[in-house]
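Breakdown of the fold
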Amino acid sequence: MSEEYIVTMLEDAPLSLEELAISCTVTPEWIIRHVQAGVLLVEPGPDPSCWSFTGSDLRRARRLLSLERDFDANPELAGLVADLFDELERLRVRLRREGLVSE
Amino acid sequence: MEFKDYYKTLGVAREAKADEIKKAFRRLARKYHPDVSKEPNADARMKEINEAYTVLSDPEKRAAYDQLGQGFQANQDFRPPPNWDAGFEFSGRGFSGADTADFSDFFSELFGGRMGRTGARGRTRFSARGEDHHAKILLDLEDAYQGAARTITLSAPQTDDQGRVGLRERTLSVRIPKGVHDGQVIRLAGQGSPGMGDGGNGDLYLEVHFKPHPRFRVEGRDVYAALPVAPWEAALGATVKTAVPDGTVEVRVPEGSQAGRKLRLKGRGIPGAPPGDLYLVLEVVLPPASSPKARELYQTMARELAFNPRQGPGA
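1. Some remarks on the interface of chain B and chain A
Between chain B and chain A, the residue contacts involve 40 residues of the former and 32 residues of the latter. Together chain B and chain A conceal approximately 3400 Å² of surface at their shared face, both sides included; 53% is due to carbon and sulfur atoms. At the boundary of chain B with chain A, the tally comes to five salt bridges. Note that B:Glu207 is salt-bridged to A:Arg59, the shortest N-O span being 3.9 Å. For the pair chain B and chain A, the number of links is 13 residue pairs in polar contact (both at pLDDT 80 or more). With six residues, strand E3 (residues 165-176) of chain B is the largest single contributor of residues to the side of chain B that touches chain A. Across the side of chain B that touches chain A, the residue classes break down as 17 nonpolar, ten polar and 13 charged. Inspection of the sheet shows strand E2 (residues 8-9) of chain A paired to strand E4 (residues 185-188) of chain B by two bridges, in the antiparallel sense.

The following block contains the structure:
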């Protein structure tokens, strides 16, 4: 017997600092450190309790965490690699759009 | 259940030192990184590598695994003896349920339920919120236009009353609202791991991706498709009918269009506030010169149009 769930989209109901920390199994301090290092969250306000995180922030936080854990990267280096992955994805989308690569 | 040879997975000797294991893991993590790897099954390989490293990088787990695994070969049928872990203490350090949620049932059987057992044995009541889970869900583009009901099957390690660990499968019916787009994350509150004691359940996060579509390509909320037209439709202009993800539209091809021209159908991309746009990219298709009449028409054009497509810069 299955149950039916209506889902919440993170764009409509973003995560708080604490929720993001729980979801990534890190401390809120880890999140704050990465926001303050400029590698997470675009244009954050000064007060962490007012920050909110969408789906792309969640994916980015998990990506940073895995880069730091797997390769002992510091936040800035992990941020640089995450930026390169984003750029790679954008270019792949363009290539697909132009029909230059198959799916 | 098959025995997993974690040393073989990482390509290291059984007596490998901690730094050799770390080095081997990093080399493989780079090779099979899902964002860059061109290897087939990179995702699955990365999971195996992560699982092997989770065990072999933790001295407690490695020691227990070594003792247990003596005499076993990879893929051999395996059942751990009762109380195999007597004499070992697991701190749970270095990994989390969120990371291990999709590890093999071999791993779950061996290491999945330590915290649960400790809680059951302890005198004081132990409470902890369940772990959040993360998974990916593949949708059709049409689902984004209409919304969709999807049934998802998830399996996660779970500890029973006796402290035994097994993989439990469960099925969830999820109603995906329309307007969902690629890369978006949706949340199902309370659908992660069950909590312990008074701790609430974790949440389930699903990252949305679209299956490749034979005709449409998606970029954010915008959708792209090729629109094949005949040379005279492009040259003289025409109104043509074409299928779009939510039905059929009639579009006006402007006179004098060339191949590659983009026709924008505002608001006909993925719904939302604001909705995306649909772009139809003209593709001029030549009729074959396969009949005498067609050949004659091409010859007339060649004679009378004095057209050279290679004139101009770069030609």
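2. Let's talk about helix H4 (residues 59-69) of chain B
Residues and elements named next belong to chain B. For H4, the set of buried residues is Lys61, Arg62, Ala64, Tyr65, Leu68 and Gly69. Down the axis of H4, the buried side of the element spans an arc of 165°, and every buried residue falls inside it. Summarising the contacts, the buried residues of H4 are in contact with helix H1 (6-10), helix H2 (18-31), helix H3 (42-56) and helix H6 (105-111). The residue sitting at the N-terminus of H4 and contributing the capping side-chain oxygen is Asp58; that oxygen lies 2.9 Å from the backbone nitrogen of Glu60.

The rules we used
- Each chain carries its own residue numbering, running from 1 in the direction its sequence is written.
- As a convention, the first chain written is A and the first ligand written is 1, with the rest following in written order.
- In keeping with the predicted nature of the model, local features appear solely for residues at pLDDT of at least 70, side-chain atom pairs appear and are counted solely at 80 or more, and the whole-chain, interface and lining totals rest on all residues.
- By convention in this description, side-chain values take in all heavy atoms of the structure and omit both hydrogens and water.
- The contact rule is simple, with two residues in contact once any of their heavy atoms fall within 4.5 Å.
- Two parts lose some accessible area (1.4 Å probe) when they are put together, and adding that loss for both gives the buried area.
- Just to be clear on terms, a salt bridge is a Lys or Arg side-chain nitrogen sitting within 4 Å of an Asp or Glu carboxyl oxygen.
- In protein, a polar contact means a hydrogen-donor-capable atom and an acceptor-capable atom, both N or O and within 3.5 Å, with residues adjacent in sequence counting only if both atoms are side-chain atoms; elsewhere, any N or O pair within 3.5 Å suffices.
- For the purposes of this entry, the term helix denotes a DSSP run of H or I that reaches at least four residues, the term strand denotes a run of E that reaches at least two, and both are numbered from the N terminus.
- Residue type decides the class: Asp, Glu, Lys and Arg count as charged, Ala, Val, Leu, Ile, Met, Phe, Trp, Tyr, Cys and Pro as nonpolar, and the leftover types, Gly among them, as polar.
- Whether two strands pair depends on DSSP finding at least two bridges between them.
- Relative accessibility thresholds used throughout: buried, under 20% of the residue-type maximum; exposed, over 50%; partly exposed, between the two (1.4 Å probe, protein chains only).
- Working definition: the arc comes from the directions between the helix axis and the C-beta atoms, pointing outward to the latter.

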